[in-house]
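# Notes for the structure review
Each chain, letter by letter, is given below.
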Amino acid sequence: MDKLVINGGVKLVGEVEVSRAKNAYLPILAGVLLSDQKIELVDVPNLRDIRTMWQLLNNLGVKTEVVGNITHVDASNVTSQEATYELVKTMRASIFVLGPLLSRFKRAKVSLPGGCAIGTRPIDLHLKNLEKMGAKIVMQNGYVEATCDQLIGTKLVLDFPSVGATENLLMAGVFAKGVTTIGNAALEPEIDDLAHFLQSMGVEIEGIGTKTLKVTGLEKLKPTRYRAIGDRIEAGTYLMAGLITGGDVKVRGFNPAHLANVTDKLREMGATINELPDGLHAISNGELKGIDATTEPFPGFPTDLQAQMMALMTQATGTSVMTENIFENRFMHVPELVRLGASIKLKGNSAIVKGPSKFAGAPVMCTDLRASAALVLAALASSGTTDVLRVYHLDRGYEKLDEKLMGLGARIERARENEMI
Ligand code: UD1
């Protein structure tokens, strides 16, 4: 197992380019199951979650070949419609294969994902709405088995704008008979991206970027070449990394509008944030001020940047309150930040952060993907050496995070955990 040994206290300065978004490519990869035509995907990031999704697809009979930065995909000969527990347990996004498999093959069997580090994360909205489209769903031996004669376009309204449910239902609608309307759809940019990918294969979709998506079922798709959007969460992480060190960082390769709420919050804290055509430029003005932030569905503050923002709040003067409204148990970074020297009290779904705290290096443990990023940020702000253990969580979702931060001047070494402790 790897760890990162971080010597903090260096101002990060320079430019960094984000990878294509993991959370855009995960549903797009599942979406390739819809097509018997050639698909070329450009700049798919090399991440653990993405590799797990490829493995899942390969097990179902999808052929892939990487040439340079293009992944050639051939899903013309899918031989199985079953996603087994071994893979699903390591990555909840496996549930995305349910909609496309059911739409194309009228059958899908997917292991139930179960809980994860940040809460129970049910899939009731996915299942309930697929049933409304005519699927028969049976839960047996830890698996969801869905069958249908033909999915039927239906007017659906989500009880909550779930990102995953919106994506699954959008894909289910591709070969449904007639028009599938998804009301109260989530607005996250990764959903627009999936819709644009489907459009590039000939699917008619109305209402992209709004709360009501309408997909018209069809019979045959066309070949496509597609490149997903830049990773807004990775971008936000680097902007905050720059600011937590009092630095000056340009982050490129993404649409700055996707971080509008985060930009507002960083400005409220006292940072200068300038828009670039393909990203954002964050400049520290010395002291940061404490603020309040609440996670909400897009365009609100993203839950996937909550932990990193909390790390930044520990270095701001005054009291900050971070409220988590999306997931029930997403404060696992708090005890680790406290170990480094942060003053954070939990009250219900809010964390009250008093800053600024001086961090002295200490070993800390990653618990989930975004919590790990928060610990890296805290380590960058620390005066000593911090060992960030179990970085495999980070490697799930950040491509070359250590190398990219080193490009900005950070002092980071990747080592085997047991070699140095
Ligand atoms: C996606 C992102 C994840 C991000 C989250 C919220 C991917 C691969 N993951 O996850 O990084 O943190 O959006 O922006 O894109 N819920 C239900 N029933 C359901 C589905 C969801 O109750 O059937 C609840 C969840 O438990 C959670 C909330 O709705 O409390 C939001 O979940 P959802 O938007 O579905 O997130 P994911 O798609 O799982």
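Residues numbered from 1 in each chain as written. Predicted model: local features only at pLDDT ≥ 70, side-chain atom pairs only at ≥ 80, totals over all residues. Heavy atoms only, no water.

### Side note on the packing of helix H10 (residues 306-313) against helix H11 (residues 333-340)
We apply this condition: Think of each axis as a best-fit line through the C-alpha atoms, taken over the contacting stretch in the case of a helix, with angles from 0 to 180 degrees between the N-to-C directions. Each helix is a run of DSSP H or I of at least 4 residues and each strand a run of E of at least 2, with the numbering of both proceeding from the N terminus. Geometric relationships in this document are graded by angle, where less than 35 degrees denotes roughly parallel, more than 145 denotes roughly antiparallel, 65 to 115 denotes roughly perpendicular, and other angles denote oblique. Handedness of a crossing follows from how the near helix is turned relative to the far one, being left-handed for an anticlockwise turn of less than a right angle and right-handed for a clockwise one. The contact criterion used throughout is that any non-hydrogen atoms of two residues lie within 4.5 Å.
Direction vectors running N to C along H10 and H11 enclose 25°, while the axes themselves pass 11 Å from each other. With respect to each other, H10 and H11 are oriented roughly parallel. Handedness of the crossing formed by H10 with H11: right-handed. Within the contact between the two elements, H10 uses Gln-306, Ala-307, Met-310 and Ala-311 and H11 uses His-333, Val-334 and Leu-337.

### Side note on the pattern of salt bridges
Counted only if it meets this: Salt bridge, as applied in this entry: a Lys or Arg side-chain nitrogen positioned within 4 Å of an Asp or Glu carboxyl oxygen.
With the rule as written, the count across this model stands at 19 salt bridges. Note that Arg-396 and Asp-49 form a salt bridge whose closest N and O atoms lie 3.0 Å from each other. Taken together, the residues span a long stretch of sequence, with Arg-396 in the loop between helix H13 (392-395) and helix H14 (401-407) and Asp-49 in helix H2 (residues 48-59) at a distance of 347 residues. Arg-107 is paired through a salt bridge with Glu-145; the nearest N and O atoms lie 3.6 Å apart. With a gap of 38 residues between them, Arg-107 in strand S7 (residues 107-111) and Glu-145 in strand S9 (residues 143-147) connect regions that are remote in the sequence.

### Re the environment of Val-249
Applicable threshold: Each residue gets one of three labels from its accessible area relative to the maximum for its type: buried under 20%, exposed over 50%, partly exposed in between, using a 1.4 Å probe on protein chains only.
As for its position among the elements, Val-249 is in strand S15 (residues 248-252). For Val-249, a relative accessible area of 0% gives the class buried. Sequence separation of Val-249 and Gln-140 is 109 residues, and the distance between their C-alpha atoms is 51 Å. Discounting residues that sit within four places of it in the chain, Val-249 has contacts with Leu-12, Val-13, Gly-14, Val-16, Tyr-238, Leu-239, Gly-242, Leu-280, His-281, Ala-282 and Leu-408.

### Observations concerning the environment of Arg-414
Within the element layout of this structure, Arg-414 appears in strand S25 (residues 411-416). Taking the relative accessible area as the measure of exposure, Arg-414 reaches 34% and is therefore partly exposed. Expressed as a C-alpha distance, the spacing of Arg-414 and Arg-370, which sit 44 residues apart in the sequence, is 18 Å. With sequence-adjacent residues up to four places away left out, Arg-414 is seen in contact with Asp-2, Lys-3, Leu-4, Val-391, Asp-395 and Asp-402.

### Focus on the packing of aromatic side chains
Quick note on the threshold: Each Phe, Tyr or Trp ring (for Trp, its six-membered ring) is paired with any other whose centre lies within 6.5 Å, and the angle between the two planes then decides the class: stacked below 30 degrees, edge-to-face above 60, tilted in between. In this scheme, the term charge over a ring applies when either NZ of a lysine or CZ of an arginine sits within 6 Å of the ring centre and within 35 degrees of the ring normal.
Going through the model one piece at a time under the given rule, you end up with one aromatic pair. Measuring from ring centre to ring centre gives 5.7 Å for Phe-197 and Tyr-226, while their planes differ by 70°; the resulting arrangement is edge-to-face. Of the two residues, Phe-197 sits in helix H7 (residues 189-200) while Tyr-226 sits in strand S14 (residues 224-227), which places them 29 residues apart along the sequence. A cation over a ring is seen here: Lys-109 above Tyr-143, with NZ or CZ 5.0 Å from the ring centre.

### A look at the sheet that holds strand S8 (residues 136-140)
Neighbouring strands of a sheet are bound in pairs by backbone hydrogen bonds; such pairs are parallel or else antiparallel. Condition: Any two strands are treated as partners once DSSP identifies two or more bridges connecting them.
Reading across the sheet, the four strands line up as S6-S7-S9-S8 and stay open at both edges, with mixed pairing between neighbours. Every interior strand has two partners, whereas the edge strands, strand S6 (82-83) and S8, have only one. Both S7 and S9 contribute to a ladder of five bridges, which runs antiparallel. Within S9, the position partnered with Lys-109 by the bridge is Glu-145. Against the sheet, helix H4 (residues 98-105) makes contact with S7 and S9, and its axis sits at roughly 160° relative to S7, the strand it touches most.

### Overview of the pairing of strand S20 (residues 316-323)
Side-chain direction in a regular strand flips from residue to residue, so the side chains alternate between the two faces of the sheet. Cut-off, in case you're wondering: Here is how to tell: hold the view so the strands point away, follow the path from the first strand over the helix to the second, and if it runs clockwise the crossover is right-handed.
Alignment of strand S18 (residues 288-289) against S20, held across two bridges, turns out to be parallel. Residue pairing in the sheet places Lys-289 in a bridge with Thr-317 of S20. Here strand S19 (residues 292-294) runs beside S20; their pairing, made up of three bridges, is parallel. Residue pairing in the sheet places Ala-293 in a bridge with Met-322 of S20. Between the parallel pair S19 and S20, the chain is carried across by H10, and the sense of this crossover is right-handed.

### Considering the site of the ligand
Selection rule: Whether a residue is near a molecule or strand depends on its heavy atoms: if one lies within 4 Å, it is near. In protein, a polar contact requires one atom able to donate a hydrogen and another able to accept it; more generally it is a pair of N or O atoms within 3.5 Å, and residues adjacent in sequence count only if both atoms are side-chain atoms. Charged means Asp, Glu, Lys or Arg here, nonpolar means Ala, Val, Leu, Ile, Met, Phe, Trp, Tyr, Cys or Pro, and polar covers whatever is left, Gly included.
Near the ligand lie 18 residues; those nearest to it are Asp-124, Leu-125, Ser-162, Asp-304 and Ile-326. Separating a nitrogen atom of the ligand from a side-chain N or O atom of Asp-124 is a distance of 2.7 Å. Within the backbone of Ile-326, one N or O atom sits 2.5 Å away from an oxygen atom of the ligand. Of all the secondary-structure elements, those providing two or more residues to the shell around the ligand are helix H1 (22-31), helix H5 (124-132) and helix H6 (163-172). Broken down by element, the residue count for the shell around the ligand peaks at three residues, all from H5. Each residue belonging to the shell around the ligand can be placed in one class, and the counts come to nine nonpolar, five polar and four charged.

### Structural notes on H7
Using the following cut-off: Expected span, for any helix, means 1.5 Å times one less than how many residues it has.
Over its 12 residues, H7 extends 16 Å from the first C-alpha to the last, a length consistent with the 16 Å expected when each residue adds 1.5 Å. Here H7 has its buried residues at Pro-189, Glu-190, Ile-191, Asp-193, Leu-194, Ala-195, Phe-197 and Leu-198.

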